[in-house]
Amino acid sequence: MIVSVQRFSALDRWTAFGRNASSYAFDTVSLDEVLRPRSEEVVLLDGLEGWTPISIHFDGSISVRARDEVFKGRMFAAYPGDLVFSKIDARNGAIGIVPESISKVVLTPEYPVYVPDDERVRARFLALLLRTPAFLQQLRSAATGTSGRKRISPEDFETLEVPLPSLERQDAILRAYDMISAKATERELLASVVIAEARARFDEALGLSPRSRLPDRFVQVVRSKDIERWSHEGILARSVGLSADANMVPLG
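Small disclaimer: the values here were computed from a predicted structure and weren't measured. (Residues numbered from 1 in each chain as written. Predicted model: local features only at pLDDT ≥ 70, side-chain atom pairs only at ≥ 80, totals over all residues. Heavy atoms only, no water.)

Participant: Which parts of the structure should I look at to understand the nonpolar core?
Facilitator: Within soluble globular proteins, side chains that are nonpolar generally end up buried alongside one another. Membership of the largest hydrophobic core comes to 26 residues, with the highest contact counts inside it found for Leu31, Val34, Leu126, Leu130, Phe157 and Val162. With 5 residues, the top contributor of residues to this core is helix α3 (residues 123-130). For Phe157, the residues in contact, after removing those within four places along its chain, are Leu31, Leu35, Leu83, Phe85, Tyr114, Leu130, Leu139 and Ile152. (Core = buried A, V, L, I, M, F, W, Y, C linked by side-chain atoms within 4.5 Å. Buried < 20%, exposed > 50% of the residue type's maximum accessible area, 1.4 Å probe, protein only. Helix = DSSP H or I, 4+ residues; strand = E, 2+ residues; numbered from the N terminus. Contact = heavy atoms within 4.5 Å.)

See below:
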């Protein structure tokens, strides 16, 4: 496992922006050597007919898009394991792999679709690599068009060169990434508990009663000047008896 962690940390070395291919730790390939474009057009006559629109987020995750109508213009198919990206937002990290949970994806031409060569590259490894800061910088540099609507063309995307270790090393990097991510999630949960406890102690130190969840809808009659002086939350707090022992002064 130590070796895996070391290989994972090497990702930063591989993607140093501005280095030429000879300085990478592994041989490089252009994306068109390991990705095959999928250009399967979808023709729909009566609604989406079981096809699923998706959204690609900046962290590479893919979610189902709330849409029932077909898209205007041409539509194309993607399937689990395909790599897809947004022409506009690839430079922000919108590069992902269609998950197994979505069997048939329909996309507009704004989302190019590729089939990874599974004998040379793990699709997930490639998606993670392309979202590292240095490669995102390269994608930003390659984007063309008017400000705010710059796009990455499939042609420029396909010519991007990436370091390609063996499948065994790619798997080791992915295992290390998953291990580190799991630890990070565990620590975030622990941190949220500590922060909640700290906030409770802050209230306690000021002599405030422990806060209970106040009703979202609370029928009450108050003077208009109270509404101007106090927030809705403050009025509710006084109504249910929450008070402080500390002296209260105006913020001014």
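Participant: Help me out: how do you make sense of the sheet that holds strand β6 (residues 83-85) in this one?
Facilitator: In a beta sheet, neighbouring strands are held together by backbone hydrogen bonds and run either parallel or antiparallel to one another. Spatial ordering of the open sheet is given by β2-β9-β6-β7, a layout of 4 strands whose pairing is antiparallel. Whereas interior strands pair on both sides, the edge strands pair on one side only; in this sheet they are β2 (35-37) and β7 (95-97). Taken pair by pair, the neighbouring strands of this sheet meet at an average axis angle of 30°, ignoring direction. Against the sheet, α3 touches β2, β6, β7 and β9 (113-116), its axis set at about 165° to β7. (Pairing = 2+ DSSP bridges. Axes fitted to C-alpha atoms, helices over the stretch in contact; angles between N-to-C directions.)

Participant: I'm lost on helix α4 (residues 133-142) in this one. Help?
Facilitator: Count 3.6 residues to each turn of an α-helix, and residues three or four apart come out pointing the same way. Of all the positions in α4, only Ala134, Phe135, Leu136, Gln138 and Leu139 are classed as buried. In this structure, the buried side of α4 is in contact with β7, α3, α5 (154-159) and β10 (161-163).

Participant: What is the right way to look at the packing of aromatic side chains in this model?
Facilitator: Counting across every chain of the model gives 4 aromatic pairs. When the centroid spacing of 6.2 Å and the interplanar angle of 10° are considered together, the rings of Phe85 and Tyr114 count as stacked. With Phe85 in strand β6 and Tyr114 in strand β9, this pair connects stretches of sequence that are 29 residues apart. Given a relative accessible area of 1%, Tyr114 falls into the buried group. One aromatic cluster in this structure is built from Phe85, Tyr114 and Phe157. (Phe/Tyr/Trp six-rings, centres within 6.5 Å; stacked < 30°, edge-to-face > 60°.)

Just distances and angles here, no functional claims.
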